[in-house]
Amino acid sequence: MTIESAPTTGSFTECFNFRDVGGRTGLDGRLVRTGRLYRSDSLHRLSADWDAFRALGIRTVIDLRRPTEVTRDGRVPHHDGLTYRHIHPEHREWSETPYDDRHDLARYLADRYLDLAETGTAGIGAALGVIADADSAPAVVHCFAGKDRTGVVCALTLSLLGVDEAEIAADYALSTVASQRYTDWARAAQPDAVELPPPFLASPAETMAMFLDGLRHRHGSVEGYVRATGLSAGQIDDLRGHLLD
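Treat the numbers as computed from the prediction; the structure is a model and nothing was measured. (Residues numbered from 1 in each chain as written. Predicted model: local features only at pLDDT ≥ 70, side-chain atom pairs only at ≥ 80, totals over all residues. Heavy atoms only, no water.)

Q: Got a minute to help me understand the overall build of the chain in this structure?
A: Scanning the chain for helices and strands turns up 10 helices and five strands. The C-alpha atoms of the chain give a radius of gyration of 17 Å, which matches the 18 Å a tight globule of 245 residues would have. Overall, the chain is about 50 × 45 × 30 Å in size when its C-alpha atoms are taken along their principal axes. Taken over 245 residues, the chain has a buried fraction of 50%. Counting only carbon and sulfur atoms, one obtains 50% of the accessible surface of the chain, whose full area is about 10,800 Å². Where the 26 positive side-chain charges of the chain centre and where its 36 negative ones centre are 2 Å apart. (Helix = DSSP H or I, 4+ residues; strand = E, 2+ residues; numbered from the N terminus. Rg over C-alpha atoms; globule rule 2.2 N^0.38 Å. Buried < 20%, exposed > 50% of the residue type's maximum accessible area, 1.4 Å probe, protein only. Areas by Shrake-Rupley, 256 points an atom, 1.4 Å probe, with all protein chains shown as cover. Lys, Arg positive; Asp, Glu negative; His and termini not counted. Charge placed at Lys NZ, Arg CZ, Asp CG, Glu CD.)

Below, the structure is given as structure tokens:
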């Protein structure tokens, strides 16, 4: 399978938010390389799409889900040559800060991401460290829906690569379409299941803009935050070296 024909959102039948992180313009006009880093919702459902997934040559899976989620649902299937990294950025359950539909949804989500950035610093740094290692590529990073924990890690990666924040927000917002695909599938597969609340399905672009702005306010810059996670200047150089053309 060529990079040009690699699956993106809508191409897999069992994963609903799988796509290439590359293709956008970064530092000094250099393109973010395709076929090096993918993002996805949970990969435990891979079955009919397994051959298409393997054809991408992915070497590393970074699973950001809680240990309880992995126990409940399982993990990506085992395969020789595929390294599985379970890295859980610590964060509170959203039920501890329930969404009130009288308030702005984008602001609610941005605040949850800022909470994650503070409590999950070590995990976020570890995930970025794997992404920075050229020997891990091609890699895919995922959580359950592929929009929140994965969205934060991918936004930080794209920011380090110099991608314009409007483009980062646009990439994040693509998850809204994927969430609808998941909802349609879940309704058909599990008609008696309880519908997920809006924060679990929505990905307004404004959320990512608010999140990145919040990091700058707290840490001076997005890169300043990333350095606080433990990622070294050398690792940032490595990340740019293998993810930028």
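Q: Looking at this structure, I do not really get the pairing of strand β2 (residues 37–40). What am I missing?
A: Note on strand geometry: in a regular strand, side chains alternate between the two faces of the sheet. Neither face of β2 is exposed, since Leu37 and Arg39 on one face and Tyr38 and Ser40 on the opposite face are all buried. Note that strand β1 (residues 19–20) and β2 share two bridges and pair antiparallel. Opposite Arg19, over in β2, you have Arg39 as the bridge partner. Across four bridges, the pairing between β2 and strand β5 (residues 139–142) is parallel. Along β5, the bridge assignment pairs Leu37 with Ala139. (Pairing = 2+ DSSP bridges.)

Q: Please clarify how the sheet that holds strand β3 (residues 60–63) should be interpreted in this entry.
A: Whether parallel or antiparallel, the strands of a sheet pair through hydrogen bonds between backbone atoms. What the five strands build is an open sheet, ordered β1-β2-β5-β3-β4; its pairing is mixed. The outermost strands of the open sheet, each flanked by one partner alone, are β1 and β4 (83–86). Pairing of β3 with β4, which is carried by four bridges, proceeds in the parallel orientation. By the bridge assignment for β4, Asp63 is matched with His86.

Q: Hey, could you run me through the environment of Arg19 in this one?
A: Tracing the sequence through the fold places Arg19 in strand β1. For Arg19 and Ser136, which are 117 residues apart along the polypeptide, the C-alpha to C-alpha distance reads 18 Å. Side chain to side chain, Arg19 and Asn17 meet in a polar contact 2.4 Å long. (Polar contact = N/O pair within 3.5 Å; in protein donor to acceptor, adjacent residues only side chain to side chain.)

Q: What am I meant to see in the layout of surface pockets here?
A: Empty space left among the atoms is revealed by rolling a probe the size of a water molecule over them. Here the largest pocket defines a volume of roughly 630 Å³. Residue lining of the largest pocket: 28 residues in total, with Glu69, Phe144, Asp148, Arg149 and Phe200 positioned closest to the centre. Elements represented by at least two residues in the lining of the largest pocket include exactly α2 (67–73), α3 (105–119) and α7 (175–189). Broken down by element, the lining of the largest pocket gets its largest block of residues, four residues, from α7. Its residues placed into classes, the lining of the largest pocket shows 12 nonpolar, six polar and 10 charged. In this structure, the second largest pocket occupies an estimated 190 Å³ of space. In terms of lining residues, the second largest pocket is bounded by Tyr182, Thr183, Ala186, Arg187, Gln190, Pro191, Ala193, Val194, Glu195, Leu196 and Leu201. Within the lining of the second largest pocket, the residues separate by chemical class into seven nonpolar, two polar and two charged. (1 Å grid on protein atoms, 1.4 Å probe; cavity = no way out; pocket = protein on both sides within 12 Å on 5 of 7 lines; lining within 4 Å. Points joined across faces, edges and corners; volume = space filled by probe spheres on them. Nonpolar A, V, L, I, M, F, W, Y, C, P; charged D, E, K, R; others polar.)

Q: Is there a simple way to think about the nonpolar core in this case?
A: Note that soluble globular proteins tend to have their nonpolar side chains buried in a common cluster. Ranked by size, the top nonpolar core spans 48 residues in total, and within it Ile62, Tyr113, Leu156, Met208, Phe211 and Val226 carry the most contacts. Every element with two or more residues in this core is listed here: α3, α4 (121–132), β5, α5 (149–160), α6 (165–173), α8 (205–219), α9 (222–228) and α10 (233–243). Those residues in contact with Tyr113 that sit more than four places away from it in its chain are Trp94, Lys147, Asp148, Val152, Tyr172, Thr207, Met208 and Phe211. One finds Tyr38, Leu43, Ile58 and Leu82 within the second-largest nonpolar core, a separate group that totals 14 residues. (Core = buried A, V, L, I, M, F, W, Y, C linked by side-chain atoms within 4.5 Å. Contact = heavy atoms within 4.5 Å.)

Q: I'm lost on unusual backbone geometry in this one. Help?
A: Among all residues except glycine, the phi angle is most often negative; among peptide bonds, the trans geometry is most common. In this model, Ala137 is joined to Pro138 through a cis peptide bond whose omega is -5 degrees. One non-glycine residue, Asp28, adopts positive backbone phi at about 55 degrees. With respect to the helices and strands, the residue Asp28 is situated in the loop between β1 and β2.

Q: Sorry if this is basic, but what is going on with the pattern of salt bridges here?
A: Where charged atoms from two side chains of opposite charge come close, those side chains can pair. Counted by the stated rule, this structure contains 19 salt bridges. In this structure, Arg33 engages Asp245 in a salt bridge whose closest nitrogen and oxygen atoms are separated by 3.8 Å. Of this pair, Arg33 sits in the loop between β1 and β2 while Asp245 sits in the segment after α10; the two residues are 212 residues apart in sequence, bridging distant segments of the chain. Here Arg33 falls in the partly exposed class, since its relative accessible area comes to 31%. A salt bridge links Arg102 to Asp100; its shortest N-O distance comes to 2.5 Å. What makes Arg102 exposed here is its relative accessible area of 70%. Given a relative accessible area of 21%, Asp100 falls into the partly exposed group. (Salt bridge = Lys/Arg side-chain N within 4 Å of Asp/Glu carboxyl O.)

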